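Working through the structure, step by step
Here's the letter readout for the chains.
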Amino acid sequence: MTHTRLILVGTVAAVVFTSTGVVHADDGPSVPPGTEATVAAPVEVDGNDPDLKLPEGATLAAAKVLDIKTVVEDQSGDERREDTNSDVKFALQAEVLFPKDSAKLSSQARSRISTIAQEIKTQNATKIRVFGFTDNLGSSAHGDVLSRKRANAVQSILDQELNDSNVTYEVRGYGEQYPIADNSTEAGRKKNRRVEVSFPRSES
């Protein structure tokens, strides 16, 4: 299986304009030396430096390091994993879990969900979100019901796999809301038909 890995790291210094008042570690590839993520801004910015050319009355907000997001998606796009400093999210396309327009899990679905359950155990997560989504074909009401049924089906298998009374779930069906791709193409609609499972990362 071929994976695509995208790592986004950013540091921003925001300019706040005022007039008179108060005005989120795996075993993946290593990064080049000197580019490792840090918890502090890599450079100090002097808010009084004339080269900043701030408008009169403007002040420079404190620099902050943005959350690091790692995205891994298989070449077919069937599975996607997003890691941030605080959360892990898996997105599985509906086609790998369910027959068309159905909430009955396919024969291969359990092994996919079992892999997610193992990661939940690894992260010692006890609060799990399972959200279902559809494309914009058909009625919105139908999409809402189908996405909720699919989320419930995935949650049921997770519950069996985890078998832990300390785990709580938030299960929702969002239908065609929150698309991640263009619904005007079949490739985009395929990405939007998905179930997402997310949970906090372990602090250790």
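As a reminder, the structure under discussion sits directly above these lines.
As a starting point, this report considers the structure included with it.

Parameters and conventions
- Residues numbered from 1 in each chain as written.
- Predicted model: local features only at pLDDT ≥ 70, side-chain atom pairs only at ≥ 80, totals over all residues.
- Heavy atoms only, no water.
- Helix = DSSP H or I, 4+ residues; strand = E, 2+ residues; numbered from the N terminus.
- Expected span 1.5 Å × (residues − 1).
- Contact = heavy atoms within 4.5 Å.
- Pairing = 2+ DSSP bridges.
- Buried < 20%, exposed > 50% of the residue type's maximum accessible area, 1.4 Å probe, protein only.
- Salt bridge = Lys/Arg side-chain N within 4 Å of Asp/Glu carboxyl O.
- 1 Å grid on protein atoms, 1.4 Å probe; cavity = no way out; pocket = protein on both sides within 12 Å on 5 of 7 lines; lining within 4 Å.
- Points joined across faces, edges and corners; volume = space filled by probe spheres on them.
- Nonpolar A, V, L, I, M, F, W, Y, C, P; charged D, E, K, R; others polar.

What about helix H1 (residues 109-122)?
An ideal rise of 1.5 Å per residue puts 20 Å on 14 residues; H1 measures up with 20 Å between its terminal C-alpha atoms. The secondary structure elements touched by the buried residues of H1 are strand E7 (79-83), strand E8 (87-93), strand E9 (127-133), helix H2 (140-162) and strand E11 (194-200). Looking one or two places after H1, you find Asn124, whose phi comes out positive at around 55°.

A look at the pairing of E7
Bridge count for strand E6 (residues 69-74) against E7 is 4 bridges, and the pairing is antiparallel. Residue pairing in the sheet places Val72 in a bridge with Arg81 of E7. As consecutive antiparallel partners, E6 and E7 are separated by 4 residues, and within that stretch Gly77 has a phi angle of approximately 80°, a positive value. With 5 bridges connecting them, E7 and E8 associate as antiparallel partners. From the neighbouring strand, Arg80 faces E8, where its bridge partner is Ala91. The turn joining E7 and E8, which pair antiparallel and follow one another in sequence, is formed by 3 residues.

Some details on the pairing of E9
Counting buried positions along E9 gives 5 out of 7 residues, so the element sits mostly inside the fold. Direction of pairing for E9 relative to strand E10 (residues 168-173): parallel, over a ladder of 6 bridges. By the bridge assignment, Lys127 is partnered in E10 with Thr168. The pairing of E9 with E11 spans 5 bridges and is classified as antiparallel. Note that in E11 the partner of Gly132 across the bridge is Val195.

A look at the pattern of salt bridges
Under the criterion given, the structure shown has 17 salt bridges. When the shortest N-O distance is used, the salt bridge between Arg189 and Glu186 registers 3.3 Å. Here Arg189 pairs with Glu186, and both are found in helix H3 (residues 186-192), just 3 residues apart, close to one helical turn. Residue classification places Arg189 among the buried residues on the basis of a relative accessible area of 15%. Counted as one network, the salt bridges with shared partners bring together Lys69, Glu73, Arg80, Glu82 and Lys191.

Observations regarding empty space enclosed by the protein
Quantified by volume, the largest cavity comes out at close to 60 Å³. If you go around the largest cavity, the residues you meet are Glu73, Gly77, Arg80, Ala91, Leu92, Gln93, Ile180, Lys191 and Arg194. At 3 residues, the largest contribution of residues to the lining of the largest cavity is made by E8. Across the lining of the largest cavity, the residue classes tally to 3 nonpolar, 2 polar and 4 charged.

Looking at H2
Given a rise of 1.5 Å per residue, 23 residues ought to cover 33 Å, and the 33 Å separating the end C-alpha atoms of H2 matches this to within 8%. Every buried residue of H2 is listed here: Gly143, Leu146, Ser147, Arg150, Ala151, Ala153, Val154, Gln155, Ile157, Leu158 and Leu162. Check the buried side of H2 and you find it contacts H1, E9, E10 and E11. Once H2 ends, the next one or two residues include Asn163, with phi positive near 45°.

Regarding unusual backbone geometry
Residue Asn124 is not a glycine yet carries a positive backbone phi of 55°. When you line up the elements, Asn124 lands in the loop between H1 and E9. A positive phi is found at Asn163, a non-glycine position, where the angle reads about 45°. A relative accessible area of 68% places Asn163 in the exposed class.

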